[in-house]
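Here's the letter readout for the chains.
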Amino acid sequence: MDFKTAARFGVYFSKGYAEEIFRLLVNYKDISASEAASRLSLHIQTVQDFLEAMTSLGILSKKEVYEKKRPYFRYSLKKKKISLDIDLASLLEQKQPERKLSKKIRENKDSGARFTTARYDPYFSSVVIWIGEGRDRKERKINLTIPQGKFLFHLPFPTAEFLTIAEIMQKAGVDMIHSPEILDIVELLEKYGVIKVK
Amino acid sequence: MISRSKLRGPIGRIGPYAAAVFISLGLIEAIITGKPPYSAFAFGCFFIVLGIIEYQRTKLITYLILGLLWGTGTWHSMARFIVSFLSLETYIPHVIVALAALVLTWPVFYGNEKLESNARKLFNLAAEHVHEAFNGFTDRPYSGCKTEYTRDEISGFARFMGGKKIVKSIVQPDIVILSFSMGISPLKEPDLQQISYISFDNDGNISVHISEYDYKRFKEELTFDQLCASLGDVFVRFLEYYKKGLESRIIVELKSGAK
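Keep in mind it's a predicted model, so treat the numbers as computed, not measured.

(A) Region of interest: the overall build of chain A. Counting its secondary structure elements, chain A contains 8 helices and 9 strands. Relative to its length of 198 residues, chain A is extended, with a C-alpha radius of gyration of 27 Å against a globular reference of 16 Å. Across its three principal directions, the C-alpha atoms of chain A cover 80 × 40 × 30 Å. Here chain A has roughly 12,500 Å² of accessible surface; of this, 49% comes from carbon and sulfur atoms.

Now the structure itself:
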């Protein structure tokens, strides 16, 4: 299950009435929104939204019925077991990592970024960058991990030769196991004009 | 060929010229009017303004105190001609207080002047080998150098450089930092980001940081990474001299940086 779908589930499951609605769905063959709303003393729109969301997420099925004055939907459970299985490894940047590590970078001229060392340590503890334009400009402070701090400490100066990310990591003594977090901070700083890519 | 400094001159250099101008004006005023209160007033203002400017630059209260005492002392010397309750009997104690202040603050005053003068020499030596001016300033430390030394050698080097008031040394278990500045005095122990420094860790790694104020003292925007590398080379060379027992060569080479 991807993260976004799991998050949607989380939003609806956290509702106070979620368990009660599911209890009705398990015990009834099928049920309409108005029947569930009246049974649980809830507003019909609230129940309708919940049932529609669960249908779109594949937990319920609905069929249109034509009774009385106008057609309406009846909802029934498609599955009686729901498990949220999220593979966090899918969030890892694995698309051609070697290619990303061979990007040549250096600090951008006049970026205005302010790097702070943790007193006498040979790495940065944080970097402050400017976001926005003119009067809306705001400062954003990013706290760095030690590998990120060491990496940025060895980032080539604005007038120095470009170096690949891998070369800078080697110079800084940062293990390749930290390459995802290094690529993450490079991407962020590139976005805000602190790092220039050749 | 005379090599000219790539640095802008220190503001204190106008002191002797200003003194000559005000004394000349005082003599002219005395010849014309019989007494020079206006020249003395202007001269006093000069001392006070200079004291304020130097205090704002170095953050050392010494300059402000001395500027105020000498400035008001100069006013006092002529004020007895204008204000009746001031006389030679009130002027002499003022002079004694001003001299006492100078004596008491001399270690700080002299120490800072020496540190600043040597900082200028260090930057001049570094700038000699930088011929491009593509700016590229960043307030990050430059890490590019690596050399070999033992813990004892680097500590001894730091003590030597600090003792000769070439730099202000900070010796920590993991790192040795030699600080110098043409702006905020290292004697104030400011945040390292505000001054220039070179650091030596226990693995032989060297980092160079040039503050924005010091960089702006150059007449041209010298290519920053080259300037940092050159400054690092100066200190590596000085360290080699020290390791070989050739400390006197450090002093001689430093003097060549005086422009």
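(B) Expanded view of unusual backbone geometry. In this structure, Ser41(A) is a non-glycine residue whose phi angle is positive, near 55 degrees. In this structure, Ser41(A) sits in the loop between helix H3 (33–40) and helix H4 (44–56). Accessibility expressed as a relative area gives 67% for Ser41(A), which makes it exposed. For Lys59(B), which is not a glycine, the phi torsion comes out positive at approximately 65 degrees. Tracing the chain through its elements places Lys59(B) in the loop between helix H2 (37–58) and helix H3 (61–79).

(C) Seen up close, the pattern of salt bridges. The full count for this structure, using the stated rule, is 15 salt bridges over all chains. Lys62(A) is the partner of Glu52(A) in a salt bridge, and the nearest nitrogen-oxygen pair spans 3.0 Å. Here Glu52(A) is found in helix H4, whereas its partner Lys62(A) is found in strand E2 (residues 60–66), with 10 residues between them in sequence. Between Glu54(B) and Arg57(B) there is a salt bridge, with the nearest N and O atoms lying 2.8 Å from each other. In this pair, Glu54(B) and Arg57(B) are both assigned in helix H2, 3 residues apart and thus about one turn of the helix distant. The two residues Glu54(B) and Arg57(B) agree in class, both being buried. If you follow the salt bridges from partner to partner, you end up with Lys29(A), Asp30(A), Glu35(A) and Arg74(A) in one network.

(D) Quick peek at the domain arrangement of chain B. Residue and element names in this part refer to chain B. By domain assignment, chain B separates into domain 1 (11–112) and domain 2 (123–255). Placing a centre on the C-alpha atoms of domain 1 and another on those of domain 2 gives a separation of 36 Å. Each side of the interface is counted separately: domain 1 has 7 residues, and domain 2 has 8 residues. Across the interface of domain 1 and domain 2, roughly 660 Å² is buried in total on both sides, 64% from carbon and sulfur atoms. Joining domain 1 to domain 2, the criterion identifies 0 salt bridges.

(E) Layout of the sheet that holds strand E6 (residues 124–131) of chain A. All names here are of chain A. An order of E5-E6-E7 is seen for the 3 strands of this open sheet, with the pairing classed as antiparallel. Of all the strands in the sheet, the pair left with one neighbour each is strand E5 (114–117) and strand E7 (138–143). Averaged over neighbouring strand pairs, the angle between their axes works out to 20 degrees when direction is ignored. In the sheet, E5 pairs with E6 via 4 bridges, with the strands oriented antiparallel. Each bridged residue has a counterpart across the sheet, and for Thr116 the counterpart in E6 is Ser126. In this fold helix H6 (residues 146–153) packs onto E5, E6 and E7, with an angle of close to 70 degrees to the strand it touches most, E6.

(F) The arrangement of the interface of chain B and chain A in detail. Opposite the 21 residues of chain B that make contact, chain A presents 18 residues. For chain B, the biggest contributors to the area lost against chain A are Arg140(B), Ser143(B) and Asp225(B); these three give 34% of the whole. Put simply, chain B and chain A have 1 salt bridge between them. Salt-bridge contacts for Arg140(B) lead to Glu107(A); the nearest nitrogen and oxygen are separated by 2.8 Å. Connecting chain B to chain A are 9 residue pairs in polar contact (both at pLDDT 80 or more).

(G) Structural view of helix H8 (residues 247–256) of chain B. Residue and element names in this part refer to chain B. Every buried residue belonging to H8 is among Ile250, Glu253 and Leu254, and all of these are buried. Angularly, the buried residues of H8 cover 105 degrees about the axis, an arc narrow enough to put them on a single face. Within H8, the exposed residues directed more than 90 degrees away from the buried face are Ser248, Val252 and Lys255. For H8, the elements touching its buried residues are helix H4 (88–127), helix H5 (151–163) and helix H7 (224–243).

(H) Representation of the packing of aromatic side chains within the structure. Counting across every chain of the model gives 31 aromatic pairs over all chains. With a centroid separation of 5.7 Å and an interplanar angle of 75 degrees, the aromatic rings of Phe22(A) and Phe50(A) are classed as edge-to-face. Taken as a pair, Phe22(A) in helix H2 (residues 18–27) and Phe50(A) in helix H4 lie far apart in primary sequence, 28 residues in all. Like Phe22(A), the residue Phe50(A) is buried in the burial classification. Aromatic side chains Phe157(A) and Tyr142(B) sit 5.3 Å apart centroid to centroid with 75 degrees between the ring planes, which places their arrangement in the edge-to-face category.

Calculation rules
Position numbers for residues count from 1 along each chain, tracking the sequence in the order it is written. Here the convention is simple: chains get letters from A, ligands get numbers from 1, in the order in which they are written. Owing to the predicted nature of the model, reporting of local features is limited to residues with pLDDT of at least 70; listing and counting of side-chain atom pairs is limited to 80 or more, with chain, interface and lining totals taken over all residues. As a rule here, side-chain values cover all heavy atoms of the structure and leave hydrogens and water aside. Only DSSP runs of H or I covering at least 4 residues are called helices, and only runs of E covering at least 2 are called strands; the numbering of each starts at the N terminus. Radius of gyration: C-alpha atoms only; globule rule: 2.2 Å multiplied by the number of residues to the exponent 0.38. Calculation of accessible area relied on Shrake-Rupley with a 1.4 Å probe; when residues are assessed, cover is drawn exclusively from the protein chains displayed. Burial here depends on accessible area, computed with a 1.4 Å probe over protein chains only, as a share of the maximum for the residue type. Under 20% is buried, over 50% is exposed, and the range in between is partly exposed. What makes a salt bridge here is a side-chain nitrogen of Lys or Arg within 4 Å of a carboxyl oxygen of Asp or Glu, nothing more. Each domain's extent was defined by an automatic or database domain assignment. We call two residues contacting when some pair of their heavy atoms lies within 4.5 Å. As used here, buried area is the combined drop in accessible area, with a 1.4 Å probe, of two parts when they are placed together. One bridge is not enough; two strands pair if DSSP finds at least two bridges between them. Between the N-to-C directions of two axes lies an angle of 0 to 180 degrees, each axis being a line fitted to C-alpha atoms and, for a helix, fitted only over the stretch in contact. Any N or O atom pair separated by 3.5 Å or less is treated as a polar contact, with the protein-specific requirement of one donor-capable and one acceptor-capable atom, and with residues adjacent in sequence counted only for side-chain atom pairs. By arc we mean the arc of the directions from the helix axis to the C-beta atoms, nothing more. Side-chain rings of Phe, Tyr and Trp, where Trp is taken by its six-membered ring, are said to pair if the distance between their centres is within 6.5 Å; with planes under 30 degrees apart they count as stacked, over 60 as edge-to-face, and otherwise as tilted.

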